[in-house]
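Coordinate analysis (summary)
One-letter residues, chain by chain:
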There are 2 protein chains.
Amino acid sequence: MTTPLRLGIAGLGTVGTGVLRIVQRRAALLERRSGRPVTISAVSARTRDKDRGVRLSDYAWEDDPVALARRDDVDLFVELMGGQDGPAKAAVETAIAHGKDVVTANKAMLAVHGQAMAEAAETAGVALRFEAAVAGGIPVVKALTEGLAGNEVQRVMGVMNGTCNYILTRMEHAGLSYDEVFEEANALGYLEADPQLDVGGIDAGHKLALLAAIAFGTQVSFGDVELEGIGAISITDIEQARDLGFRIKLLGVAQMTGRGLEQRMSPCLVPAASPLGTLENATNMVVLEGDAAGQIVLQGAGAGEGPTASAVMSDILDIARGLRLSTFGQPAHSLVKPVAAQTATPAAFYLRMALQDKPGALAKVATVLGEAGISIDRMRQTRHVESTAPVLIVTHKTTRAALDTALAGLPATGVVEGAPVAIRIEEV
Amino acid sequence: MTTPLRLGIAGLGTVGTGVLRIVQRRAALLERRSGRPVTISAVSARTRDKDRGVRLSDYAWEDDPVALARRDDVDLFVELMGGQDGPAKAAVETAIAHGKDVVTANKAMLAVHGQAMAEAAETAGVALRFEAAVAGGIPVVKALTEGLAGNEVQRVMGVMNGTCNYILTRMEHAGLSYDEVFEEANALGYLEADPQLDVGGIDAGHKLALLAAIAFGTQVSFGDVELEGIGAISITDIEQARDLGFRIKLLGVAQMTGRGLEQRMSPCLVPAASPLGTLENATNMVVLEGDAAGQIVLQGAGAGEGPTASAVMSDILDIARGLRLSTFGQPAHSLVKPVAAQTATPAAFYLRMALQDKPGALAKVATVLGEAGISIDRMRQTRHVESTAPVLIVTHKTTRAALDTALAGLPATGVVEGAPVAIRIEEV
């Protein structure tokens, strides 16, 4: 094959310009690897007159990404605009309808419209690929879809929002509060325009939902992801967790259970010595567990021009090489609608509460836990701060329901000051 | 496509039976993912009458793997016998000549005959794939060939022999000598029939040579890998390195330099806090560095039935799905013969020597280093043991040539007892 693969690129932000730079600088390498030239026919972005530090003069310009998506000189439409609906969705749908292959980095769009788009792509006989949508430069979609294709996948876990991991590790190392580091991150431009996408776990939840669809052969169901952000994590808990040998991560977990598909994105304690526990700053990590392969850990940059463009190029090169695979690793019409698990897999929990300085206070708490069927693995009471004593408890494995029963019973003891903190400890 | 993909499997050791088990147990999953049934037509092994705990009665039996490789009812020949030459090579060549696709886990064969075989496969229009040959269950061949296809690869590093990493970490944790742990490992069946394949770095060197070919578009050149095993590593060096914040790993490094292709497999110090430094037991880790993706770290089981069979299945499923890629990621005839770098990239070194208890001894050593152009980053002299004092030196970056000059000059000082130990510190 020496027919060029002609790209149309919509969206010239960080990632889009990164893709342009690679196509321009590495033309010979790309052709050697794919057996054909990879060229760009046309581009589109919101503003034309902006210095992006990259040459655009060789390419046709389209103000409208939808017009770009249906151009005759475009074989592969690269969607890097972002946004769940709007122009991104319209352009991708147009590209598919016009028989173009599509590569996108748009996790929000696919987490919501992925099933419909995969079906449309299948009907049209085109590829729709999204390596760049999950964990930036880490080729995790490929590792899961192809590398573990012979495995029944047991669990997928990941720290997939670099900003949240930056905030949590920065709090720990600088001894700063969540609010202080949030402001820092904001000033550094690390946060999305709507910060809840990051700190609320939504962005990472989108990614988890996409991986779960591949792992379990289910239709993407972002709506079923149990979401909890990092806004309530205090420096105290980070420090106490560390003392107990854990670190707190915004951790995504997807697993197929007898109760249905469990998808959670929430702060969890993980052992400090585990791979997930060693993760610093904005680095991403995904852990794939297969019945044959065992535990595979992948680590790398989860965002940024180079890493994300590298992932986009991986999909583009696959298509240039003729490696054409279903969006979620099996025909879209064969993906089953998952039943969402209503309860999470039992786990140990970290509890922190302030006990009043009264005789028998600790015994009362232990009794409430015991009555809820929760046994205690470790308990630590530290020196009184004014009239209350901080108490840390690590429970044995229990259900969230039992934990909630215990938490509801604590006020009646009359010895617990304020609301206890409870954080899941994930077995990794 | 509903035509089955019909396998012929030669070699029914651990990996072969693992593949059989997956094909038997996961038939529905494999068909759902690949769009066609994956079946087994025939198998071959040295002994037929042996209980492998897996059903063979449905398959034709061939005593001769070469006969298996040319059977009409075999589409894909799976070579899991091992051995650089002999039956494995003959059977793979036969399969290719008869137009069969080939999947192999045979690193020794490919490290030596990979170029010729890739060319033969290309001429015959068949696939020749080897995910299982490198780092067991970690999909590193795929990550490098496809996931980083848009990158100019800068460096590939890896701990890719689980037995060596087991020996080194076991020495450290149990405080045992190399010889003691070697005997333990041997008794546990962890070592190859020829232990030099493991502890001499040969097996890991084969793997490095295969990754280098993909990374740099060069013909596999195992003969150019600078090989050094772990036999000379003492518990003293492991402990002293640890005190300095390092761990000793049998580390493979491949990089393209202005001086040519550098390929080394040798004991190195790496920072204890780096991903490579955290690696325990028989786990494998590969670090891929691309100009766009940055550093990607992959970790998992490097051997064993499940992990290796998982990698074999990854290649089989690729072929079942119609994902057909050149053996080394670009046409075999376009791979260039590499020029081997004659000298390694400069590095810092760890030096340990015993100094005689004489005035000015340390100054004499420092002078010899200085005259060789080597400056000292850190030096530590500990309490005298009998009449000598152990001295540890961490140099700044220097060439191996300068280091060798210094080492050659030390005896003349008359203060150094015995031969100094010098180990490279790799920047990871």
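Rules and cut-offs
Residues numbered from 1 in each chain as written. Chains lettered and ligands numbered in written order. Predicted model: local features only at pLDDT ≥ 70, side-chain atom pairs only at ≥ 80, totals over all residues. Helix = DSSP H or I, 4+ residues; strand = E, 2+ residues; numbered from the N terminus. Rg over C-alpha atoms; globule rule 2.2 N^0.38 Å. Buried ≥ 20, exposed ≤ 12 C-beta atoms within 10 Å, placed from the backbone. Expected span 1.5 Å × (residues − 1). Contact = placed C-beta atoms within 7 Å. Pairing = 2+ DSSP bridges. Axes fitted to C-alpha atoms, helices over the stretch in contact; angles between N-to-C directions. Parallel < 35°, antiparallel > 145°, perpendicular 65-115°, else oblique. Left-handed = near helix turned anticlockwise from the far one by under 90°. Nonpolar A, V, L, I, M, F, W, Y, C, P; charged D, E, K, R; others polar. Least-squares fit on C-alpha atoms with pLDDT ≥ 70 in both. Domains from an automatic or database assignment. pLDDT = per-residue confidence, 0-100.

**Observations regarding the overall build of chain A**
Broken down by element type, chain A carries 14 helices and 16 strands. A compact globule built from 428 residues would reach a C-alpha radius of gyration of about 22 Å, and chain A, at 24 Å, matches this within 12%. Projected onto the principal axes, the alpha-carbon positions of chain A cover approximately 80 × 45 × 35 Å. Out of the 428 residues belonging to chain A, those deemed buried represent 54%.

**A short note on unusual backbone geometry**
All names here are of chain A. One non-glycine residue, A135, lies in positive phi territory at about 60°. In this structure, A135 sits in the loop between β6 (128-129) and α6 (140-147). By the C-beta count within 10 Å, which is 32 here, A135 ends up buried.

**Points about helix α1 (residues 14-25) of chain A**
Residue and element names in this part refer to chain A. Its 12 residues place the ends of α1 16 Å apart at the C-alpha level, agreeing with the 16 Å of an ideal helix rising 1.5 Å per residue. Buried within α1 we find V15, G16, T17, G18, V19, L20, I22 and V23. Buried residues belonging to α1 abut β1 (5-10), α2 (27-34), β2 (38-44), β4 (76-79) and α12 (305-320).

**As for the sheet that holds strand β4 (residues 76-79) of chain B**
By way of backbone hydrogen bonds, the strands of a sheet pair with one another, either parallel or antiparallel. Residue and element names in this part refer to chain B. In space, the 6 strands of this open sheet follow the order β3-β2-β1-β4-β5-β6, with parallel pairing throughout. Edge positions in the sheet fall to β3 (60-62) and β6 (128-129), since each has one partner strand and no second. Across 4 bridges, the pairing between strand β1 (residues 5-10) and β4 is parallel. Looking at the pairing, I9 lines up with V78 of β4. Against the sheet, helix α12 (residues 305-320) engages β1, β2 (38-44), β4, β5 (101-104) and β6, with an angle of about 160° to β5.

**Quick word on the packing of helix α4 (residues 86-97) of chain A against helix α5 (residues 107-124) of chain A**
All names here are of chain A. Look at α4 against α5: their axes get within 9 Å of each other, and the N-to-C directions meet at 15°. The orientation of α4 with respect to α5, classified from their angle, is roughly parallel. As α4 packs across α5, the resulting crossing turns out to be right-handed. On α5, the residues touching A88, K89, V92, E93, I96 and A97 of α4 are M109, H113, M117, A120, A121 and A124. Classifying every residue of the contact of α4 with α5 gives 9 nonpolar, 1 polar and 2 charged.

**Brief notes about the pairing of strand β12 (residues 294-301) of chain A**
Among the 8 residues of β12(A), 7 are classified as buried, and the element is accordingly described as predominantly covered. Relative to β12(A), strand β11 (residues 283-290) of chain A runs antiparallel, the two being bridged by 8 bridges. If you follow L288(A) over to β12(A), its bridge partner there is I296(A). Once β11(A) ends, the chain turns through 3 residues before running back antiparallel as β12(A). Summarising the sheet, β12(A) and strand β12 (residues 294-301) of chain B pair through 3 bridges and their orientation is antiparallel. Opposite Q299(A), over in β12(B), you have V297(B) as the bridge partner.

**Details of the interface of chain A and chain B**
Facing the 48 residues of chain A at the interface are 48 residues of chain B. For the side of chain A that touches chain B, the per-class residue count stands at 22 nonpolar, 18 polar and 8 charged.

**Some points on the sheet that holds β6(A)**
All names here are of chain A. Spatially, 6 strands are ordered β3-β2-β1-β4-β5-β6 in an open sheet, and the strand pairing comes out parallel. Sheet topology places β3 (60-62) and β6 at the edges, where each strand pairs with a single neighbour. Summarising the sheet, β4 and strand β5 (residues 101-104) pair through 4 bridges and their orientation is parallel. Each bridged residue has a counterpart across the sheet, and for L76 the counterpart in β5 is D101.

**Comments concerning the relation of the copies chain A and chain B**
Note on the copies: chain A fits chain B at an RMSD of 0.0 Å, the axial shift is 0.0 Å, and the rotation between them is 180°. The superposition operator between the copies reduces to a two-fold rotation axis. Most of the interface of chain A is mirrored in chain B: 100% of its interface residues are interface residues there too.

**Quick notes on the domain arrangement of chain A**
Residues and elements named next belong to chain A. The domains assigned to chain A are domain 1 (5-133), domain 2 (140-302) and domain 3 (348-425). Taking only C-alpha atoms, the centre of domain 2 and the centre of domain 3 are 27 Å apart. Counting residues at the interface gives 10 residues for domain 2, matched by 8 residues for domain 3. When its residues are assigned to classes, the side of domain 2 that touches domain 3 shows 7 nonpolar, 2 polar and 1 charged.

**Some details on the pairing of β1(B)**
Residue and element names in this part refer to chain B. Extensive coverage of β1 is indicated by the burial of 5 of its 6 residues. Bridge count for β1 against β2 is 6 bridges, and the pairing is parallel. Bridging across to β2, G8 finds its partner in A42.

**Brief notes about the confidence of the model for chain A**
In the predicted model, chain A carries a mean pLDDT of 96, and the fraction of residues at 70 or more is 100%. The ipTM value of the predicted complex is 0.96, and its pTM value is 0.97.

**Focus on the environment of Q115(B)**
Residues and elements named next belong to chain B. Position of Q115 relative to the elements: it lies in helix α5 (residues 107-124). With 20 C-beta atoms packed within 10 Å, Q115 lands in the buried category. When the C-alpha atoms of Q115 and S221 are compared, they prove to be 9.0 Å apart, with 106 residues separating the residues in sequence. Beyond its immediate chain neighbours, meaning those up to four positions away, Q115 contacts Q219, V220, A332 and L335.

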